Amino acid sequence: ERKALKIDDKNYTANYQLGRFLLRLGDKKLLKEASERLRKALEIDSRQYEVRFELIAAYRELGEIALATAQVELLQDARPADARVSYVAALVAIDKGDTKIALERFKDALGKDQNLFGAWQDLGLLYAKLNLWEDAVSAFSELAKRQQNSLEAAYFLALSFYNVKKFDDAESECRRAL
């Protein structure tokens, strides 16, 4: 992709793919370049909403929450019915420390798409962080029901059961997962 960009810096695909690749590497040093490439791809074609999701992830990793928020707002205006937009809005709200808004956005996302597994998990984790273990049990039960082979979902559900003193249910969930 770098070679393609040396030939033509306005190559949408090369900017987007290089930005995605650098983001996925998870190297903090490369995140800045990832966000620059994703921004460049949006300058070339601002209608590509998938790029905005990637750019939000890059900004969140960089701690640039105001920039992530601006991208979320653009997505909310352009794609109000998209559950993923509500989901990333919830994640950014968590980054801002606004758990009330995060809970609302998670519920909105799941109201639009019950099979958004990440939203179930992150909602459950937020409940756990807030020590709302009964609510965590509900969220992780939904996740475990939808991802029956997920050890992670089983672990979170068992942990939630344990924290509401349902030890037999916690043990059963652990055994089911194994």
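Since the structure is predicted, the reported quantities are computational estimates derived from the model, not experimental observations. (Residues numbered from 1 in each chain as written. Predicted model: local features only at pLDDT ≥ 70, side-chain atom pairs only at ≥ 80, totals over all residues. Heavy atoms only, no water.)

K.L.:
In this structure, what is going on with the packing of helix α6 (residues 83-96) against helix α8 (residues 117-129)? I would like to understand it.
P.N.:
Two quantities define a packed helix pair, namely the angle between the axes and the distance from one axis to the other. Direction vectors running N to C along α6 and α8 enclose 25°, while the axes themselves pass 10 Å from each other. Considered as vectors, α6 and α8 are oriented roughly parallel to each other. Both α6 and α8 take part in a crossing whose hand is left-handed. On α8, the residues touching Tyr87, Leu91 and Ile94 of α6 are Gly118, Ala119, Asp122 and Leu126. Of the residues assigned to the contact of α6 with α8, the class counts are five nonpolar, one polar and one charged. (Axes fitted to C-alpha atoms, helices over the stretch in contact; angles between N-to-C directions. Helix = DSSP H or I, 4+ residues; strand = E, 2+ residues; numbered from the N terminus. Parallel < 35°, antiparallel > 145°, perpendicular 65-115°, else oblique. Left-handed = near helix turned anticlockwise from the far one by under 90°. Contact = heavy atoms within 4.5 Å. Nonpolar A, V, L, I, M, F, W, Y, C, P; charged D, E, K, R; others polar.)

K.L.:
Would you take a moment to explain unusual backbone geometry for this structure?
P.N.:
Among all residues save glycine, negative phi is the norm, and among peptide bonds the norm is trans. Phi at asparagine 131 is positive, roughly 60°, even though this residue is not glycine. Of note, asparagine 131 is situated in the loop between α8 and α9 (133-146). In this structure asparagine 131 comes out as exposed when scored by relative accessible area, which is 57%. Residues other than glycine seldom take positive phi values, yet lysine 165 does so here, at roughly 65°. Note that lysine 165 resides in the loop between α10 (151-163) and α11 (167-177). Taking relative accessible area as the criterion, lysine 165 reaches 62% and is therefore assigned exposed. (Buried < 20%, exposed > 50% of the residue type's maximum accessible area, 1.4 Å probe, protein only.)

K.L.:
Can you walk me through the packing of α8 against α9 in this structure?
P.N.:
Contact geometry of α8 with α9 gives a least axis separation of 8 Å together with a crossing angle of 160°. With respect to α9, the axis of α8 lies roughly antiparallel. By crossing handedness, the relation of α8 to α9 is classed as left-handed. Only Trp133, Asp135, Ala136, Ala139, Phe140, Glu142, Leu143 and Arg146 of α9 make contact with α8, whose side of the interface consists of Phe117, Trp120, Gln121, Leu123, Gly124, Leu125, Tyr127 and Ala128. Of the residues belonging to the contact of α8 with α9, the class tally is eleven nonpolar, two polar and three charged.

K.L.:
Would you mind going over the packing of aromatic side chains with me for this structure?
P.N.:
Two numbers describe a pair of aromatic rings. These are the distance of the centres and the angle of the planes. Scanning all chains against the criterion turns up five aromatic pairs. Centroid distance tyrosine 12 to tyrosine 16: 5.9 Å. Interplanar angle 20°. Geometry classified as stacked. Taken together, the positions of tyrosine 12 and tyrosine 16, both in helix α2 (residues 12-25) and four residues apart, correspond to about one turn of that helix. Summarising the burial analysis for this pair, tyrosine 12 and tyrosine 16 share the class buried. Here the aromatic cluster, defined as three or more aromatic residues joined through ring pairs, consists of Phe140, Tyr155 and Phe156. (Phe/Tyr/Trp six-rings, centres within 6.5 Å; stacked < 30°, edge-to-face > 60°.)

K.L.:
Please clarify how the nonpolar core should be interpreted in this entry.
P.N.:
Considering soluble globular proteins, one finds that nonpolar side chains tend to be buried as a cluster. The biggest cluster of nonpolar side chains holds 30 residues, and the ones touching the most others in it are Tyr87, Phe106, Leu116 and Leu123. Among the elements of the structure, α6, α7 (99-112), α8, α9 and α10 are those that each provide at least two residues to this core. The dominant element in this core, judged by the number of residues it contributes, is α9, at seven residues. Counting residues in hydrophobic clusters, the runner-up holds 24 residues, among them Leu55, Tyr59, Val85 and Ala89. (Core = buried A, V, L, I, M, F, W, Y, C linked by side-chain atoms within 4.5 Å.)

K.L.:
Where do I start with the environment of alanine 34 in this structure?
P.N.:
With respect to the helices and strands, the residue alanine 34 is situated in helix α3 (residues 28-44). Here alanine 34 falls in the buried class, since its relative accessible area comes to 0%. Sequence separation between alanine 34 and serine 172 is 138 residues; the distance between their C-alpha atoms is 44 Å. Alanine 34 has contacts with Gly19, Leu22 and Leu23, leaving out every residue within four places of it along the chain.

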